[in-house]
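Descriptive structure summary
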Protein chains: 4
Amino acid sequence: MRTGVWLVGARGSVATTSIVGALALRAGLTGSTGCVTELPAVRGPALPAFADLVFGGHDVVATPLAKRAEALAAAGVLPARLVAALPEELVAVEQELRPAPTGGSQADRAATMVRDLTEFQARHRLARVVVVNVAATEPAPDPHPAHADPAALHAALTGPDEVLPPSSLYAYAAVTAGCSYVDFTPSTGLRLPALTALAAHHRVPYAGHDGKTGETLLKSVLAPMFAMRNLHVRSWSGTNLLGGGDGATLADPAANAAKVRSKQRVLGETLGYLPQGDTRIDYVEDLGDFKTAWDLITFAGFLGTGMRLEFTWHGCDSALAAPLVLDLARLTAAAHAAGRSGPLTELAFFFKDPLGSGTHSLADQWTRLCEFAHLLHRGGTDDPRG
Amino acid sequence: MRTGVWLVGARGSVATTSIVGALALRAGLTGSTGCVTELPAVRGPALPAFADLVFGGHDVVATPLAKRAEALAAAGVLPARLVAALPEELVAVEQELRPAPTGGSQADRAATMVRDLTEFQARHRLARVVVVNVAATEPAPDPHPAHADPAALHAALTGPDEVLPPSSLYAYAAVTAGCSYVDFTPSTGLRLPALTALAAHHRVPYAGHDGKTGETLLKSVLAPMFAMRNLHVRSWSGTNLLGGGDGATLADPAANAAKVRSKQRVLGETLGYLPQGDTRIDYVEDLGDFKTAWDLITFAGFLGTGMRLEFTWHGCDSALAAPLVLDLARLTAAAHAAGRSGPLTELAFFFKDPLGSGTHSLADQWTRLCEFAHLLHRGGTDDPRG
Amino acid sequence: MRTGVWLVGARGSVATTSIVGALALRAGLTGSTGCVTELPAVRGPALPAFADLVFGGHDVVATPLAKRAEALAAAGVLPARLVAALPEELVAVEQELRPAPTGGSQADRAATMVRDLTEFQARHRLARVVVVNVAATEPAPDPHPAHADPAALHAALTGPDEVLPPSSLYAYAAVTAGCSYVDFTPSTGLRLPALTALAAHHRVPYAGHDGKTGETLLKSVLAPMFAMRNLHVRSWSGTNLLGGGDGATLADPAANAAKVRSKQRVLGETLGYLPQGDTRIDYVEDLGDFKTAWDLITFAGFLGTGMRLEFTWHGCDSALAAPLVLDLARLTAAAHAAGRSGPLTELAFFFKDPLGSGTHSLADQWTRLCEFAHLLHRGGTDDPRG
Amino acid sequence: MRTGVWLVGARGSVATTSIVGALALRAGLTGSTGCVTELPAVRGPALPAFADLVFGGHDVVATPLAKRAEALAAAGVLPARLVAALPEELVAVEQELRPAPTGGSQADRAATMVRDLTEFQARHRLARVVVVNVAATEPAPDPHPAHADPAALHAALTGPDEVLPPSSLYAYAAVTAGCSYVDFTPSTGLRLPALTALAAHHRVPYAGHDGKTGETLLKSVLAPMFAMRNLHVRSWSGTNLLGGGDGATLADPAANAAKVRSKQRVLGETLGYLPQGDTRIDYVEDLGDFKTAWDLITFAGFLGTGMRLEFTWHGCDSALAAPLVLDLARLTAAAHAAGRSGPLTELAFFFKDPLGSGTHSLADQWTRLCEFAHLLHRGGTDDPRG
Ligand SMILES: NC(=O)c1ccc[n+]([C@@H]2O[C@H](COP(=O)([O-])OP(=O)(O)OC[C@H]3O[C@@H](n4cnc5c(N)ncnc54)[C@H](O)[C@@H]3O)[C@@H](O)[C@H]2O)c1
Ligand SMILES: NC(=O)c1ccc[n+]([C@@H]2O[C@H](COP(=O)([O-])OP(=O)(O)OC[C@H]3O[C@@H](n4cnc5c(N)ncnc54)[C@H](O)[C@@H]3O)[C@@H](O)[C@H]2O)c1
Ligand SMILES: NC(=O)c1ccc[n+]([C@@H]2O[C@H](COP(=O)([O-])OP(=O)(O)OC[C@H]3O[C@@H](n4cnc5c(N)ncnc54)[C@H](O)[C@@H]3O)[C@@H](O)[C@H]2O)c1
Ligand SMILES: NC(=O)c1ccc[n+]([C@@H]2O[C@H](COP(=O)([O-])OP(=O)(O)OC[C@H]3O[C@@H](n4cnc5c(N)ncnc54)[C@H](O)[C@@H]3O)[C@@H](O)[C@H]2O)c1
Ligand code: NA
Ligand code: NA
């Protein structure tokens, strides 16, 4: 089951780390640490093997992939020896990367995207392609009447307006080309009525939003702990210091707002109330691809006694994200193969701001993920919409 | 369903906080923050109400309960207004406290304990009594042949040897008196073949060991997080600084060793391997009843990239422990009422070093607890040996 | 040498803590922890004794001082026993507090202030009065031509404009009444050419700005450490979480900006370059009068190796500030008595944003302070303008 | 002024980093970050230039220097590019390394050491040689009567006893050969009456003990801060987690004890009282040459209010130590050249456990260091016994 993984933002840190990692896994040069789909409770026959994944993608910049990989190695994200060992493999992927379409109407650009996807699938005789958005986070788009239904959208795209933000235009193209779509970012992506209707129509599954790799991952185990112990969280304040390309983007307050919003959901929904306190994201170039998050939680116990927890998380965002990108591609492809379409709410485990209204407890999301994987391996899926 | 709660170590911090808290709850002076048995998923008709709990206990010291409560208020563990509002109620409990038996053979002392328990039950017409050990942590006892079976034990207790450590002598007396037994400490308690046989014979349930209130509570959610994400924990080092009576006891290396051992189980059993690093307990008088735990976890992600998490937990141990003591008393009494006997492995949620071989994931323990409570409320229990 | 201490913002946390503390010291109910002027290297005959300090002040609110003190005791800032032991003393101070003048022109209000000060001095036969601004932080004022010289200012104050921000109007009144002036806040105070000229004319000394009590105090010892070791600080990011009245004020971005600016000076001036990173102030009501500051410093050592320091400071701002208010009042009064006028740059030790262009190293500021105190005690001062 | 730097423990992490760093500085491949002797207040004509330093040394292991350097590069201590750029220079130093003498009496071994030193000096026509002990920390030696005076020592060394610990035998040899001696470790070194007498006799200067690179460096600025502010430190607890060769050695409780003792002096001597709390050193292999120190300080302010400071220091020990080794070699050689002999107490700035009874405040030590350097550059030294 040869499966295409088409990365939007294919020359970014997350994408490059995903590609190098998959190539290294295929070559037997590294282990599968960080890959959830290799854990006994999740792995199995329904998932395409790492060796079956074929990579391509779009980006607005043209930095060669190998150069990007070397920069990541110099920054301590990747072992330099892996990059050195995979020169030809990287060149092969390089040839599958396409410039992000520019010029013309949005309909024209979407057509180019569809063509890029279709040719990619044909060229490699791929059973199916998963489009994964790992491009820079966008600001929230202005509302537009054409977001409401497919027909209006179709018409509006041919006009002069920038009707859709880039993430949604890629989603539109993916769905139109019959590809499943995963949004690893907090951008809009498929979250517009016109696009979800289109996905239903084309019978493709999709997943999102915003990979859960740091502070929110911790929140998704710590907030349930406080809830299970009936401890009252009074305040939860967070500071995220990050460098790298993502950090520079998030220094833009509009993109920052989207990210912060998706980080907050877990608290309110897990605790049943929203404690005081904000989450901040600040750009500190010197941190490179590493992020330092510091959180202070004040809480009350029995008889009102005040207590505190603080943590400092020092993680390499790209190294945390990349295996999840591979996991999501494998799981989404398997769901597609099994005939699933629409939102894959069972993949909430991977996201800060998951589709659907389920639990934000990591443990509960894990249970759902394992059941989902089990079902896929058994040869079916429990499509909630039947 | 009037239920006795007999506290071994009844004048200690945990016991005093439990008593003041239960009295305050009964008087409507405080809320149930910290009480797990008041959460929607656990509460229900099978549990005795707070107002149905009657307190008594043993201690080796004679400090009046009210004085102890005032000291805890001055230390910020309890609100002073609660102690001030409950003078008569505290005097009433004071009258139910008995000196820890001394002198004579261990059989003599056990007989006094049994009599204290029986009279307590009769005096208050209690449906049943739960004995909860919240006395100072003991060193591990020397092995003794009489630990192997009830008959040998019975004979040996009449001799001059200190056959059983105190926690086990209390457990022996509890079981003999037909009381259930909860060990909130890491001491030996019922964990001797002779005693578990005796508990089976008397058809009483028991639970333990070592209330999970701080660093280990965090480990029980963080270690599963690393496991579910397939992140490799390389080292996990912990420092626990604590004052208070418990801190002073644990400054004794032998008691410390017992405590440290029960703190380590969760890592090995959750991760499937034991990361490097030690857990330390140091006594710092100035911290009073508060504890500061600092843990550093180093871990590897995808492609071996090294990352770190560190946390500082600043908790009030007695305020964390006391509601769990009440929870355990209520749940154990309900299990006893429902005919359960033997180890209550479903209560692993509450313990650092739980009976049985189940999971150490807090979320999984929570699921088991909720199922157990549900069954009790439905009117049965799923006794594994039933 | 009876000395008046006139507090602007007399009912605030810092002021109330200063008053209760001074009364408690006078009554022998507490020790002098936190008072720099009681250290061997600073204390001496030139300073008025605690028992010689007489308190008065202005405030815009009318909450009784005793009530404010009780609230601070409930919040853990003060021991409740002190408040309980000083009821009459607090009533006596209460009678010396005056409402902040309102209505009329700024000249009218200044005249009321001057009268309040003059009457206070006469009523208590005080050798002199120090006015200390501990009112809420103001936003930076708009520039006004009358800020440039005393004559223009004098004229403008009689008009309808709000020519001066409140802190500067108090400074104007203080100087006019022949009182020395200390600004413990980051507000403008005396920092306008018209006012410094006036202070010179009236031959009164003044000191400021912004008491150094937390994060900046640490910066003033840590930044020199990096400098003395030739370690290169790459980034220094800070988060300050604080509740209390001051926290609520600083939640206003304009006041926040003034505060953040005074926090940054120490780094640039000590290191000789400004590392990346921001300082943030966030309001978290639950923290009350306590503040938690978290700083992350990344730095490079020999051969460029990257390293990190992070700290968490959990301080009670009012308890840190109050003894410094007393110290500043004593030292400024002594300087005034010794004939000093103009900026007391020797008091930089106490301030985040000190007057003058001297060092920001706490150790060097300490040396200057000790020399200054020594000179005062020897009976002279080394007035730089001589 | 060609100056020899003879490193005892020449193949260890600190030594290797010092050597690579000095070679890189000489070759203009790196800057002088971390070198105190390059700061404007310290540098000057009296110090030998980096290019004038010639390296040699003893070690008990034979791992080639270049291999050790590569391992350090792989561990992130050194940039790999520096090691790659200096192959011949490293080979040249390799030829100057000698095995630590073994066999025979201690007198025999000392004679070999003296010969190694003398030949080194002659071979390179060095003005003088500084012996710097950077070997693994030793346990404290058993007392021996021959430690009391040179004659007894001389006699005893020829016997079968291990009279001196290795660090002291090296010190003995250094002094005998007319070399100055710096102890960068907490080992005994020259701190025996027989050896200080010998140093006086041979008119050589010496310095020590135990380079101040992490937690103690912070203590030497934070403890004075508390003292200058009259804040009462109630407890100061520290945990040091470290890997690397030094970590493995310190896992030995005896060596650990020596280190911990030298870490504690600063607190007692700066504060004038010893706060509660211990300093711990634990070995965590995964940390490699990096060390993580966590300290919790609880303190009381005005009116007894309790507050806290905690910090986490994540430093690369070898990168912190190496430039200080170079600084010490330069300063000690200059002092020797200027005719100084005996203990160089002016170098306390560099040490955890400095010779002499001076201040432990880093700022005050800095002042002394600057004065000392100034004097050297002016052409003299202020020999206290001069
Ligand atoms: N790393 C993590 O842990 C993590 C977690 C959750 C979400 N994310 C999200 O993943 C995304 C990628 O993160 P990153 O660190 O790789 O960022 P990056 O800046 O390194 O890479 C983003 C890439 O997207 C490209 N790009 C921008 N606009 C594009 C467009 N319109 N079409 C195609 N390509 C475009 C950029 O040129 C760049 O190469 C971000 O949105 C980030 O918020 C990352
Ligand atoms: N507080 C927590 O978070 C927590 C968590 C897990 C376990 N525990 C355990 O709970 C126990 C109690 O803790 P604490 O903080 O209340 O300690 P504490 O020292 O305040 O109280 C212990 C009490 O036990 C009494 N005692 C000692 N030996 C006895 C004996 N032989 N018979 C009867 N009484 C005896 C002591 O006199 C004292 O009053 C400890 O063993 C502790 O390890 C506490
Ligand atoms: N606490 C510290 O550590 C610290 C350190 C440095 C500076 N400061 C500064 O000290 C000041 C006081 O802090 P606080 O915590 O006591 O604040 P607070 O809010 O408790 O008290 C401020 C008081 O000022 C009064 N006030 C406001 N406007 C006034 C006016 N125009 N005239 C007279 N009174 C007025 C308020 O009514 C209030 O009673 C703040 O400006 C703060 O920034 C405090
Ligand atoms: N790195 C720091 O920040 C720092 C700070 C203060 C003190 N120190 C001290 O510096 C010393 C060196 O530290 P390191 O990290 O380089 O340790 P390391 O273990 O890497 O190196 C020590 C070297 O000493 C050698 N050695 C052992 N016994 C010897 C002997 N008798 N004669 C000659 N060589 C011998 C070992 O073979 C090894 O090569 C240690 O004592 C350490 O405590 C280091
Ligand atoms: Na911390
Ligand atoms: Na920390």
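Keep in mind the model is a prediction, meaning the values are calculated, not measured.

Analysis parameters
Residues numbered from 1 in each chain as written. Chains lettered and ligands numbered in written order. Predicted model: local features only at pLDDT ≥ 70, side-chain atom pairs only at ≥ 80, totals over all residues. Heavy atoms only, no water. Helix = DSSP H or I, 4+ residues; strand = E, 2+ residues; numbered from the N terminus. Rg over C-alpha atoms; globule rule 2.2 N^0.38 Å. Buried < 20%, exposed > 50% of the residue type's maximum accessible area, 1.4 Å probe, protein only. Contact = heavy atoms within 4.5 Å. Areas by Shrake-Rupley, 256 points an atom, 1.4 Å probe, with all protein chains shown as cover. Lys, Arg positive; Asp, Glu negative; His and termini not counted. Charge placed at Lys NZ, Arg CZ, Asp CG, Glu CD. Core = buried A, V, L, I, M, F, W, Y, C linked by side-chain atoms within 4.5 Å. Expected span 1.5 Å × (residues − 1). Donors = N, O, S within 2.8 Å, 3.2 Å for Na, K, Ca; no water. Least-squares fit on C-alpha atoms with pLDDT ≥ 70 in both. Buried area = accessible area lost by both parts, 1.4 Å probe. Salt bridge = Lys/Arg side-chain N within 4 Å of Asp/Glu carboxyl O. Polar contact = N/O pair within 3.5 Å; in protein donor to acceptor, adjacent residues only side chain to side chain. Nonpolar A, V, L, I, M, F, W, Y, C, P; charged D, E, K, R; others polar. Pairing = 2+ DSSP bridges. Axes fitted to C-alpha atoms, helices over the stretch in contact; angles between N-to-C directions. Phe/Tyr/Trp six-rings, centres within 6.5 Å; stacked < 30°, edge-to-face > 60°. Parallel < 35°, antiparallel > 145°, perpendicular 65-115°, else oblique. Left-handed = near helix turned anticlockwise from the far one by under 90°. Domains from an automatic or database assignment.

For the rest of this paragraph, the subject is the overall build of chain A. Within chain A one finds 13 helices and 11 strands. Relative to the globule expectation of 21 Å for 386 residues, the C-alpha radius of gyration of chain A, 20 Å, shows essentially globular dimensions. Dimensions of chain A, computed from C-alpha atoms along their principal axes, come out at roughly 65 × 50 × 45 Å. Taken across its 386 residues, chain A has 62% of its residues classed as buried. The contacts of chain A with a sequence gap of at least 6 include a subset with a gap of at least 24, amounting to 77%. Looking at chain A as shown, the accessible area adds up to about 12700 Å², and 55% of this sits on carbon and sulfur atoms. In chain A, which carries 32 positive and 37 negative side-chain charges, the distance between the mean positions of the two groups comes to 5 Å.

Residues L222 and F226 of chain A together with L222, F226 and W313 of chain B are the most contacted members of the largest nonpolar core, which totals 174 residues. When neighbours within four sequence positions are excluded, L222 of chain A is seen to be in contact with W236, L309 and F311 of chain A together with L218, V221 and L222 of chain B. One finds L72 and A319 of chain C together with A293 and A334 of chain D within the second-largest nonpolar core, a separate group that totals 173 residues.

Right, let's talk about helix α5 (residues 106-123) of chain C for a bit. All names here are of chain C. With 18 residues, α5 should reach 26 Å at 1.5 Å per residue; the first-to-last C-alpha distance of 25 Å fits that figure. Where the residues of α5 are buried, they touch β1 (3-8), β2 (53-59), β3 (97-99), β4 (128-133), α6 (150-157) and α7 (166-176). Downstream of α5 by a residue or two, R125 has a phi angle that is positive, lying close to 45°.

So, on to the coordination of the sodium ion (ligand 6). For the sodium ion (ligand 6), the protein coordination sphere consists of E310 of chain B (OE) and E310 of chain C (OE), at 2.8 Å. For the pair the sodium ion (ligand 6) and the sodium ion (ligand 5), the metal-to-metal distance amounts to 1.8 Å. Separated into two different chains, E310 of chain B in strand β10 (residues 306-316) and E310 of chain C in strand β10 (residues 306-316) make up a pair that spans both. On the basis of relative accessibility, which here comes to 7%, the residue E310 of chain C falls in the buried class.

Next up on the list: the relation of the copies chain B and chain D. Overlay of chain B on chain D (RMSD 0.0 Å): rotation 180°, translation along the axis 0.1 Å. Such a combination of rotation and displacement between the chain copies is what one expects of a two-fold axis. When each C-alpha of chain B is compared by its distance to the rotation axis, T239 of chain B comes out closest, at 3.6 Å. Most of the interface of chain B is mirrored in chain D, where 100% of its interface residues are also at the interface.

Here the focus is the interface of chain B and chain A. Taken residue by residue, the interface counts 58 residues in chain B and 59 residues in chain A. Taken over both partners, the interface formed by chain B and chain A buries close to 4600 Å², and the fraction arising from carbon and sulfur atoms is 71%. Where chain B touches chain A, the interface holds 0 salt bridges. Connecting chain B to chain A are 16 residue pairs in polar contact (both at pLDDT 80 or more). Elements supplying a minimum of two residues to the side of chain B that touches chain A: α1 (13-26), α9 (215-228), β9 (290-300), β10, α12 (317-337) and α13 (362-378) of chain B. Of all the elements, β10 of chain B adds the most residues to the side of chain B that touches chain A, at 11 residues. Here the residues of the side of chain B that touches chain A sort into 38 nonpolar, 15 polar and 5 charged. As paired elements, strand β10 (residues 306-316) of chain A and β10 of chain B share 7 bridges and run antiparallel to each other.

This part covers the relation of the copies chain B and chain A. Each copy of the chain is related to the other by a rotation around an axis and a translation along that axis. For the pair chain B and chain A, the relating rotation is 180°, the translation along its axis is 0.0 Å, and the fit reaches an RMSD of 0.0 Å. Interface overlap between copies: 100% of the residues of chain B at the interface are likewise at the interface in chain A, consistent with a symmetric, same-surface contact.

The next subject is the sheet that holds strand β8 (residues 279-283) of chain D. The sheet built from 8 strands is open, its strands ordered β8(C)-β7(C)-β9(C)-β10(C)-β10(D)-β9(D)-β7(D)-β8(D) with mixed pairing. In this open sheet, the two strands that pair with only one neighbour each are β8 (279-283) of chain C together with β8 of chain D. Strand-to-strand, the axes of this sheet are offset by a mean angle of 10°, without reference to chain direction. Bridge count for strand β7 (residues 232-242) of chain C against strand β9 (residues 290-300) of chain C is 10 bridges, and the pairing is antiparallel. Directly across from W236 of chain C, in β9 of chain C, lies its bridge partner I297 of chain C. Of the strands in this sheet, β7, β8, β9 and β10 of chain C together with β10 (306-316) of chain D touch helix α9 (residues 215-228) of chain C, which is tilted by about 170° from β7 of chain C. The strands touched by helix α12 (residues 317-337) of chain D are β10 of chain C together with β7 (232-242), β9 (290-300) and β10 of chain D; relative to β10 of chain D, the strand with the most contacts, the crossing angle is about 80°.

Here we take up the packing of aromatic side chains. This structure, assessed with the given rule, holds 26 aromatic pairs over all chains. Their ring planes at 90° and their centres at 5.3 Å tell us that F349 of chain B and F350 of chain B sit as a pair that is edge-to-face. No difference in accessibility class separates F349 of chain B from F350 of chain B, as the two residues are buried. Each ring, one from F299 of chain C and one from W313 of chain D, has its centre 5.3 Å from the other, and the planes form 35°; the classification is tilted. With one member in each of two chains, F299 of chain C in strand β9 and W313 of chain D in strand β10 form a pair that bridges those chains.

Take the packing of helix α1 (residues 13-26) of chain A against helix α4 (residues 87-94) of chain A next. All names here are of chain A. Orientation of α1 relative to α4, taken along the N-to-C sense of each, is 130°, at an axis distance of 11 Å. The angle between α1 and α4 falls in the class oblique. When you trace α1 past α4, the crossing you get is right-handed. In this structure, α1 uses I19, V20, L23 and R26 to contact α4, whose residues at the interface are E89, L90 and V93. Within the contact of α1 with α4, the residues separate by chemical class into 5 nonpolar, no polar and 2 charged.

We now examine the interface of chain B and chain D. Chain B puts 21 residues into the contact, and the matching count from chain D is 21 residues. Together, the buried faces of chain B and chain D total about 1900 Å²; carbon and sulfur atoms form 51% of this surface. Our enumeration of links across chain B and chain D arrives at 4 salt bridges. For R234 of chain D, the salt bridge is made with D286 of chain B, and the minimal N-O distance between the two is 3.7 Å. At the junction of chain B with chain D, the criterion picks out 15 residue pairs in polar contact (both at pLDDT 80 or more). When residues of the side of chain B that touches chain D are traced back to their parent elements, those giving at least two are β7 (232-242), β8 (279-283), β9 and β10 of chain B. Tallying contributions element by element places β7 of chain B first for the side of chain B that touches chain D, with 5 residues. Class assignment of the residues belonging to the side of chain B that touches chain D gives a composition of 5 nonpolar, 8 polar and 8 charged.

Right, let's talk about the domain arrangement of chain A for a bit. Residues and elements named next belong to chain A. Domain boundaries assigned for chain A yield domain 1 (3-210 + 319-377) and domain 2 (215-315). In this complex, domain 1 contributes 20 residues to the contact, which on the side of domain 2 involves 23 residues. A combined buried area of about 1700 Å² lies between domain 1 and domain 2, and 59% of that area is made up of carbon and sulfur atoms. Ranking the residues of domain 1 by area buried against domain 2 places T137, K352 and H360 at the top, with a combined share of 36%. Linking domain 1 with domain 2 are 0 salt bridges.

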